[in-house]
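Spelled out from the first residue to the last, the chains are:
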Amino acid sequence: MEDEGCSIVLDVGSGSTKIGYSGDDLPLSVLPSVIVSAAPVSDSRDTPSRAQRPECRECYRGYDSLHPEDHATRDIWPVQKGQCQSTADLETLLHNVFRTELGSGAEAQRPVLLTESPSTTRARRAEAAELLFEGLKAPALSMCNTASLSLFAAGRTRGLVVECGAGAAHAVPVFEGYALAHAALRVDAAGRDVTLRLAQLLQQQHGSSGGSGSGSGGSAPLSLDVVRAIKERMCHVLPRGGGGAAAEEDIGAAAAAAAADMKYELPDGSIVRISGECAAEPAEVLFENKHGRGGLASAAAAAIAMCDEQVRTDLRGAVVLSGGTTMLPGFCERFAQELEAAIDGGSGGAAPAADGLVRRPLTVVPHARAREPGYTAQRKYAAWIGGSIVASLSTFRLLQVSRQEYEDAGAGALHRRCL
Ligand SMILES: Nc1ncnc2c1ncn2[C@@H]1O[C@H](COP(=O)(O)OP(=O)(O)OP(=O)(O)O)[C@@H](O)[C@H]1O
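Residues numbered from 1 in each chain as written. Predicted model: local features only at pLDDT ≥ 70, side-chain atom pairs only at ≥ 80, totals over all residues. Heavy atoms only, no water.

The name an unreviewed UniProt entry gives the protein chain is Actin family, with Tribonema minus as the organism. We quote the UniProt Sequence similarities (unreviewed entry) comment for the protein chain here in full: "Belongs to the actin family." (UniProt positions renumbered as here; feature names shortened; annotations may be inferred.)

In structure tokens:
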């Protein structure tokens, strides 16, 4: 939609930054959220106009590839586990992204809708506002919670949003478009942890950090970026209780295809063999109980339990998954099983409650078999897509704070108007 009045929609995640224009179906670009000292972040030397690049461009070198013990790297990831680590670094990243993706002309001088993590603080919001208004000269700004936006992308305003990205996961109840902050829970296990676990298993099985080489694997270490690519192609989530023939059926067509072809070809032509254990075990980190803290499904059940009973009915009726890690084949099925087991002893909340009322059954979106119209693969970019929808509504101006208002009232104006 080529529209003079459209806004820039910006979603800066731990792993990737999604940027594009309101009203579009997908981001213009998806770039790694990294400042690389040696090479340009993006491969775009000149900036073609928006009309020339209508497709979503993905240029992803994952945050997953940030090795926990690699202090020597000069790459800087300003957002880690969903939280900004340094405003100065974030400013550098955003200057790079705006320059390479939008150019320095009028395209970059539009109102901005910036997504914010469910666990952000007022202080961080104020810092981000200063960065956008003063560093990037945005004429107007609106800040929206990723959970509310993901829910809009799924066509709802009430529900429990379960986000699982690269660095962090959240379970956030949303009512009438507003995230209920008191019941939002965060889990420190996400896509990067799955990648690291896969790297560990490959190392154990092949004797190197990944074990590449032709045949059964050689000694050259695999970069975590390659391991991430293997994960995205070949890993899946088993149903609760593990494998078995019925389970294999349940993991879906994509996973079955991956399971049949357990070889991954590297760019140099060598082959990495992926065992069944390597394909299925890494994703277990998302569901396991660690140090007495439950996984994602336990957090989701706890978040529902922290809300009023009337709200809980709506939450059970729409548990919306979003974020790249939920794209793992079998994730939706396993999550639904785990959540059902965690709520009301397996009834999913449909059993009669103490007051005799039958609660609404648990509905996880997207459903593994009954595909949600318009919300399946989109969940990878759900927060950005929701932002694109919100920023194209005529009421969007009610959420915006202009530069003048910001100069007069400071960040307080944003706290009052953010979603
Ligand atoms: N098809 C796929 N299968 C499995 N994992 C995937 C797939 N596509 C992306 N991922 C994983 O999703 C993660 C990125 O998800 P997303 O873009 O939602 O996170 P982010 O916004 O960068 O980070 P965060 O939300 O944690 O701040 C990465 O770990 C990536 O490997």
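So that's the structure; there's more coming.
Structurally, the position occupied by Asn 145 is in strand β8 (residues 140-145). Those residues in contact with Asn 145, other than ones at most four positions away along the chain, are Glu 116, Pro 118, Ala 179 and Leu 419. (Helix = DSSP H or I, 4+ residues; strand = E, 2+ residues; numbered from the N terminus. Contact = heavy atoms within 4.5 Å.)

Looking now at the packing of helix α9 (residues 296-305) against helix α11 (residues 331-342). Between α9 and α11, the shortest axis-to-axis distance is 9 Å and the interhelical angle comes to 50°. With respect to α11, the element α9 is oriented oblique. As for how α9 packs across α11, the hand of that crossing is right-handed. Taken together, the residues of α11 that come into contact with α9 (itself represented by Leu 296, Ala 297, Ala 300 and Ala 301) are Phe 331, Phe 335, Glu 338, Leu 339 and Ala 342. (Axes fitted to C-alpha atoms, helices over the stretch in contact; angles between N-to-C directions. Parallel < 35°, antiparallel > 145°, perpendicular 65-115°, else oblique. Left-handed = near helix turned anticlockwise from the far one by under 90°.)

If you check the shell around the ligand, you find 22 residues, and the closest are Ser 14, Gly 15, Gly 167, Lys 231 and Glu 232. A distance of 2.7 Å is found between an oxygen atom of the ligand and a side-chain nitrogen or oxygen belonging to Ser 14. At a separation of 2.6 Å, an oxygen atom of the ligand approaches a polar side-chain atom of Glu 232. Coverage of the ligand by the protein amounts to 87% of the 660 Å² it exposes when considered alone. When residues of the shell around the ligand are assigned to their parent elements, the largest contribution, 3 residues, is made by helix α5 (residues 224-234). For the shell around the ligand, the class distribution of residues is 5 nonpolar, 11 polar and 6 charged. (Near = heavy atom within 4 Å. Polar contact = N/O pair within 3.5 Å; in protein donor to acceptor, adjacent residues only side chain to side chain. Areas by Shrake-Rupley, 256 points an atom, 1.4 Å probe, with all protein chains shown as cover. Nonpolar A, V, L, I, M, F, W, Y, C, P; charged D, E, K, R; others polar.)

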